[in-house]
Amino acid sequence: MRLKEKMSEELKDRVAIVTGGAGGIGSRIAREYARAGARVVVASRGQEKLDKIAREIKSMGGESLAIATDVTDPEQVDNMVRQTISRFGGVDIMVNNAGGAMFIKPPETLKPAEWNAAIALNLNSVFLCSAAVSKYMIEQKSGRIINISSVAGIRLSPSFVHYGAAKAAVINLTKSLAVCWGPHNINVNCIAPGLTATEGVANWLPAKTRDDGTPVPPLQYPPDPEHVAQLAVFLASAASERISGELFPIRALGELA
């Protein structure tokens, strides 16, 4: 079935940028946005993977643009936003999804360069991309910014202290930007996924059945990336127009216990 045959009207003709758009969660957000009627810009470092996502969206009847971007580089971020506006005439939604744990090691062995690289990717990029789109959103007096943090930013993260610290900062940054840009009708919210059933973490996923053979209840099993994407659609839609500065964890029950 072609996308246009099952397209909803939630995000019709809205222009969305999704960073980390070739990844497990990012690619799902891009597709769900397209299904909701948005014109989607996907961005990450690798052009080839981005082109694949853009082709998939176009083959389904959607509109998409792939822009290779290092979101830790201010000039590349500005270029990404300029290309988006040149192609689609504006930008309505910014999803700051790019990120990664990068180094799984005890803190005493973490090198300063590794710490800086992790903070740049997981925190600095969120500020850079948000700031880059803000001037256009302020001018048009509307916009949605959705930051993807992590449960690691809420609870302890001893295996990757750099990642947890950055993701915790993203939560605080979300709340501060929501206050700063609220007068301009810009909603800023944050999603904090826990362990999510993407291809990249397949080896870490628990069994779907208990020892006695009964299935694990859905709410006690890690969510699929599509569940995160559906929440991102809600936060970009008119249904959430009075929600800003909020944190939305999405994880298996008990993961924050």
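**Some points on the overall build of the chain**
And then number 1: Regarding its fold elements, the chain presents six helices and seven strands.
And then number 2: Moving toward the C terminus, one meets the helices and strands of the chain in the order β-α-β-α-β-α-β-α-β-α-β-α-β.
And then number 3: For 257 residues, the compact-globule formula gives about 18 Å, and the C-alpha radius of gyration of the chain, at 18 Å, lands near that figure.
And then number 4: Dimensions of the chain, computed from the C-alpha atoms along their principal axes, are close to 55 × 45 × 40 Å.
And then number 5: Contacts in the chain between residues far apart in sequence, at least 24 positions, make up 71% of those at least 6 positions apart.
And then number 6: Split by element, the accessible area of the chain, about 12,200 Å² in all, is 53% carbon and sulfur.
And then number 7: Across the chain, the centroid of the 28 positively charged side chains sits 2 Å from that of the 25 negatively charged ones.

**Observations regarding the pattern of salt bridges**
And then number 1: Scanning the entire structure with this criterion turns up six salt bridges.
And then number 2: In this structure, Glu114 and Lys105 form a salt bridge, with 3.0 Å as the shortest nitrogen-oxygen distance.
And then number 3: Taking the relative accessible area as the measure of exposure, Lys105 reaches 23% and is therefore partly exposed.

**Description of the nonpolar core**
And then number 1: The biggest cluster of nonpolar side chains holds 33 residues, and the ones touching the most others in it are Ile17, Met80, Met94, Val133, Ile145 and Val188.
And then number 2: When contributions to this core are tallied by element, the ones reaching two or more residues are strand E1 (15-19), strand E2 (39-44), strand E3 (64-68), helix H3 (74-88), helix H4 (112-140), helix H5 (161-181) and strand E6 (186-193).
And then number 3: In terms of residues, this core owes the most to one element, H4, which gives eight residues.
And then number 4: Filtering out sequence-adjacent residues up to four positions away, Met80 remains in contact with Ile17, Thr19, Ala43, Ile67, Thr69 and Cys129.
And then number 5: Within the second largest apolar cluster, 30 residues are counted, among which are Ala34, Ile191, Val233 and Ala236.

**Brief notes about the side chain of Asn97**
And then number 1: The residue Asn97 is located in the loop between strand E4 (93-96) and H4 in this model.
And then number 2: A relative accessible area of 12% means that Asn97 is categorised as buried.
And then number 3: Here the side chain of Asn97 touches Gly20 through a polar contact of 3.2 Å, landing on its backbone oxygen.
And then number 4: Here Asn97 is in contact with Thr19, Gly20, Ile25, Gly26 and Ile148, once residues within four sequence places are set aside.

**Structural notes on the pairing of E3**
And then number 1: Summarising burial for E3: four of the five residues are buried, a large majority.
And then number 2: Across five bridges, the pairing between E2 and E3 is parallel. Counted as the bridge partner of Val41 is Leu65 from E3.

**A closer look at the confidence of the model for the chain**
And then number 1: Here the chain shows a mean pLDDT of 92. Residues at 70 or above account for 95%.
And then number 2: Between residues 1-6, whose pLDDT stays under 50, and residues either more than four places distant or in other chains, the model counts twelve contacts.

**Overview of the pairing of E1**
And then number 1: Counting buried positions along E1 yields five of five residues, so the element is predominantly enclosed.
And then number 2: With burial as the criterion, each face of E1 is covered, one bearing Val15, Ile17 and Thr19 and the other bearing Ala16 and Val18.
And then number 3: Note: E1 against E2, five bridges, orientation parallel. Each residue of the ladder has a partner; that of Thr19, found in E2, is Ala43.
And then number 4: The parallel pair E1 and E2, bridged by helix H1 (residues 24-35), forms a crossover whose chirality is right-handed.
And then number 5: Sheet topology note: the E1/E4 ladder contains three bridges and is parallel. Residue pairing in the sheet places Ile17 in a bridge with Met94 of E4.

Analysis parameters
Residues numbered from 1 in each chain as written. Predicted model: local features only at pLDDT ≥ 70, side-chain atom pairs only at ≥ 80, totals over all residues. Heavy atoms only, no water. Helix = DSSP H or I, 4+ residues; strand = E, 2+ residues; numbered from the N terminus. Rg over C-alpha atoms; globule rule 2.2 N^0.38 Å. Contact = heavy atoms within 4.5 Å. Areas by Shrake-Rupley, 256 points an atom, 1.4 Å probe, with all protein chains shown as cover. Lys, Arg positive; Asp, Glu negative; His and termini not counted. Charge placed at Lys NZ, Arg CZ, Asp CG, Glu CD. Salt bridge = Lys/Arg side-chain N within 4 Å of Asp/Glu carboxyl O. Buried < 20%, exposed > 50% of the residue type's maximum accessible area, 1.4 Å probe, protein only. Core = buried A, V, L, I, M, F, W, Y, C linked by side-chain atoms within 4.5 Å. Polar contact = N/O pair within 3.5 Å; in protein donor to acceptor, adjacent residues only side chain to side chain. Pairing = 2+ DSSP bridges. pLDDT = per-residue confidence, 0-100. Right-handed = clockwise from strand over helix to strand, strands pointing away.

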